Amino acid sequence: NTAVLNNDNLNVNLVYNVNNTTNAGQYEIYATYDNYNYVVTFVNGKITIKPLNIVVKVAEKLTYGNIINYVNNYEIKSGKLINNDDLSLQVSTNSQTIQSVGYYGLNVKSCNKNYNTALTADSYLQITPRKISVLVGNAESEYLSPINLSNVAVDLSQVIQNDDINYTLSTNATSTSD
């Protein structure tokens, strides 16, 4: 028989280490008792602290060739951050690789397990052109001789990822220019 007799009080106390600042996750609930007229076996329960839902708009702009891992430019559209939390938004693009200047769709995940993060449909990653300087060397030609630019040195050291910038050298000088 597992019934409590004579309306005895087992004096059961639930013990859990959870409060309103506990991080999202699952935690054990234990029970204790102090009526020694019984041998009580408890099956521990669990309390689940659910993450808050938050929706953000991301409008991140990077220069071509830069690597993006975390997003800093976002706007909270619904939900809210608690206790000055940081979302630490980890980002990836919808495409396998970012191959050129343009707009890319994003996938974002908060590294803060207290939040489920979703993006607005108008979130994006914009890749802008990289500014570089190309140093073109000098050329010489004798008066009335053809202008030859084929031996002019061109410094492309600021070009990244083995990109071909497809340049053509030209001049407005002619063999009779002053």
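Here's a quick rundown of the structure. (Residues numbered from 1 in each chain as written. Predicted model: local features only at pLDDT ≥ 70, side-chain atom pairs only at ≥ 80, totals over all residues. Heavy atoms only, no water.)

**Comments concerning the sheet that holds strand S5 (residues 70–71)**
And step 1. Overall, antiparallel pairing links the 3 strands, which are arranged S5-S7-S9 in an open sheet. The outermost strands of the open sheet, each flanked by one partner alone, are S5 and strand S9 (106–110).
And step 2. Of the strand pairs in this sheet, strand S7 (residues 89–93) and S9 are connected by 5 bridges, and their pairing is antiparallel. Pairing of Val91 across the sheet is with Val108, part of S9. (Pairing = 2+ DSSP bridges. Helix = DSSP H or I, 4+ residues; strand = E, 2+ residues; numbered from the N terminus.)

**Focus: the side chain of Thr128**
And step 1. Residue position: Thr128 is located in strand S11 (residues 124–128).
And step 2. Thr128 has contacts with Lys61, Leu62, Thr63, Tyr64 and Val101, leaving out every residue within four places of it along the chain. (Contact = heavy atoms within 4.5 Å.)

**Considering the pattern of salt bridges**
And step 1. Scanning the entire structure with this criterion turns up 3 salt bridges.
And step 2. Of the charged contacts, one joins Lys77 and Glu75 as a salt bridge, the two residues approaching to 3.2 Å between their closest N and O atoms.
And step 3. Given a relative accessible area of 47%, Lys77 falls into the partly exposed group. (Salt bridge = Lys/Arg side-chain N within 4 Å of Asp/Glu carboxyl O. Buried < 20%, exposed > 50% of the residue type's maximum accessible area, 1.4 Å probe, protein only.)

**Thoughts on the packing of aromatic side chains**
And step 1. By the definition in use, this model includes 3 aromatic pairs.
And step 2. For the ring pair Tyr103 and Tyr124, a centre distance of 5.3 Å and an interplane angle of 65 degrees mean the geometry is edge-to-face. Of this pair, Tyr103 sits in strand S8 (residues 102–104) while Tyr124 sits in strand S11; the two residues are 21 residues apart in sequence, bridging distant segments of the chain.
And step 3. The class of Tyr103 is exposed, set by a relative accessible area of 57%.
And step 4. Looking at Tyr124, the relative accessible area reads 26%, which means it is partly exposed.
And step 5. In textbook terms, an aromatic cluster arises when at least three aromatic residues are bridged by ring pairs, as seen for Tyr33, Tyr36 and Phe42. (Phe/Tyr/Trp six-rings, centres within 6.5 Å; stacked < 30°, edge-to-face > 60°.)

**Section: the environment of Leu10**
And step 1. Relative to the elements of secondary structure, Leu10 occurs in the segment before strand S1 (13–15).
And step 2. According to the relative accessible area criterion, Leu10 is buried, its value standing at 18%.
And step 3. Among all residues touching Leu10, those that are not within four sequence positions of it are Val4, Tyr33, Asp34, Asn35, Tyr38 and Val40.

**What about the environment of Asn114?**
And step 1. Mapping Asn114 onto the fold places it in the loop between S9 and strand S10 (115–119).
And step 2. Assessed through its relative accessible area of 15%, Asn114 is described here as buried.
And step 3. Sequence separation of Asn114 and Tyr143 is 29 residues, and the distance between their C-alpha atoms is 76 Å.
And step 4. With residues near it in sequence (within four places) discarded, Asn114 still touches Asn23, Ala24, Pro51, Leu52 and Asp85.
And step 5. A distance of 2.8 Å separates the side chain of Asn114 from the side chain of Asn23, its partner in a polar contact. (Polar contact = N/O pair within 3.5 Å; in protein donor to acceptor, adjacent residues only side chain to side chain.)

**Description of the layout of surface pockets**
And step 1. There is about 250 Å³ of room inside the largest pocket.
And step 2. Lining the largest pocket are 15 residues, with Asn20, Thr21, Thr22, Ile82 and Asn114 positioned closest to its centre.
And step 3. Of the residues contributing to the lining of the largest pocket, the split by class is 6 nonpolar, 7 polar and 2 charged.
And step 4. Of the volumes computed, that of the second largest pocket is approximately 200 Å³.
And step 5. Lining the second largest pocket are 15 residues, and of these Ala139, Glu140, Ser141, Ile147 and Ala173 sit closest to its centre.
And step 6. Among the residues forming the lining of the second largest pocket, the class breakdown is 5 nonpolar, 8 polar and 2 charged. (1 Å grid on protein atoms, 1.4 Å probe; cavity = no way out; pocket = protein on both sides within 12 Å on 5 of 7 lines; lining within 4 Å. Points joined across faces, edges and corners; volume = space filled by probe spheres on them. Nonpolar A, V, L, I, M, F, W, Y, C, P; charged D, E, K, R; others polar.)

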